[in-house]
Amino acid sequence: MQKLNEAQLKQLIEAGVFVADGALSIDVMRVTFLADFSVSTAQIKKALAELELDYSPRGIHLVKVASGYRFQSDEGLGILLSKLWQENAPKYSRAMMETLALVAYRQPITRGEIEEIRGVSVSSHIVKSLVERNWVKVIGHKEVPGRPALLATTKTFLDYFSLSTLAELPSADNFVDSLEQAMTASNIEDNTLDNEKRH
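None of these values were measured; they are calculated from a predicted model.

The secondary structure content of the protein chain amounts to nine helices and four strands. Counting helices and strands in the order they occur from the N terminus, the protein chain gives α-α-α-β-β-α-α-α-α-β-β-α-α. In the protein chain, which comprises 199 residues, the proportion classed as buried is 30%. When the accessible surface of the protein chain is split by element, carbon and sulfur atoms take 53% of a total near 12500 Å².

Shown next as structure tokens:
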């Protein structure tokens, strides 16, 4: 087994996270680019903690999400950077956000239980869309007549919202409102830009 000094390890981890297609877990690091080196988990965690500190004042941060570590832009720069991509960010209906919030905060939960709480029926399109985005999955069936599917969130859901665990979710009361405000701000930004282009 080869040895790495702290600076080399940090450099290798930084490059590994940078070139990875998605978030990179410590386990994946160990069995891929660190497989030939004698490195402890404590050393890897120390290098990651140092990298987090190194990047904290920059426009890019090293962030731990459910699937592992990844680089992402500072949250405050999101709207400005979104101009790099031509397509608009998808707009989600309030019904979809409420359904997602109920799955996130009350999981495992059935579609019938969601309908009971919301007081309206849940469109099968909403559940299908959440499953297709891989934000929600069926984790079993409730032992009641009809054995309805039990829904829960996925690691992809946590990754998308930059969370490592469900414990990091904001308070349930604020979740849908926060998302709505973000979407409204995005729409105002789009409309302002459209108006500026016309004048």
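From this point on, the discussion continues.
It is worth spelling out the packing of aromatic side chains at this point. Counting across every chain of the model gives five aromatic pairs. Centroid distance Tyr 55 to Phe 71: 4.8 Å. Interplanar angle 55 degrees. Geometry classified as tilted. On the criterion of sequence distance, the pair formed by Tyr 55 in helix α3 (residues 41–55) and Phe 71 in strand β2 (residues 68–73) is long-range, its members being 16 residues apart. Accessibility assignment for this pair places Tyr 55 and Phe 71 in one class, buried. The interplanar angle of 75 degrees and the centroid separation of 5.1 Å between the aromatic rings of Tyr 160 and Phe 161 together place this pair among those described as edge-to-face. Grouping aromatic residues by their ring pairs yields a cluster made of Trp 135, Phe 157, Tyr 160 and Phe 161. Seen from the ring of Tyr 55, Arg 58 lies directly overhead, with NZ or CZ sitting 4.8 Å from the centre. Residue placement shows Arg 133 over the ring face of Tyr 160; its charged tip is 5.4 Å from the ring centre.

One rule of thumb: low pLDDT means the predicted coordinates there are not for detailed reading. Mean pLDDT over the protein chain stands at 83; residues scoring 70 or higher make up 83%. Highest mean pLDDT in the protein chain belongs to α3 (95); lowest belongs to helix α9 (residues 172–198) (50). This stretch, residues 185–199, has a pLDDT under 50; its non-local contacts, to residues over four places away or in other chains, come to six contacts.

What follows is about the nonpolar core. In this structure, Leu 100, Ile 114, Leu 130, Trp 135, Val 136 and Phe 157 are the most contacted members of the largest nonpolar core, which totals 21 residues. The set of elements that each furnish at least two residues to this core consists of α5 (94–106), α7 (124–132) and α8 (155–160). Here this core gets six residues from one element, more than from any other, and that element is α5. One finds Ile 26, Ala 47, Tyr 55 and Leu 62 within the second-largest nonpolar core, a separate group that totals 17 residues.

Conventions adopted
Residues numbered from 1 in each chain as written. Predicted model: local features only at pLDDT ≥ 70, side-chain atom pairs only at ≥ 80, totals over all residues. Heavy atoms only, no water. Helix = DSSP H or I, 4+ residues; strand = E, 2+ residues; numbered from the N terminus. Buried < 20%, exposed > 50% of the residue type's maximum accessible area, 1.4 Å probe, protein only. Areas by Shrake-Rupley, 256 points an atom, 1.4 Å probe, with all protein chains shown as cover. Phe/Tyr/Trp six-rings, centres within 6.5 Å; stacked < 30°, edge-to-face > 60°. Lys NZ or Arg CZ within 6 Å of the ring centre and 35° of its normal. pLDDT = per-residue confidence, 0-100. Contact = heavy atoms within 4.5 Å. Core = buried A, V, L, I, M, F, W, Y, C linked by side-chain atoms within 4.5 Å.

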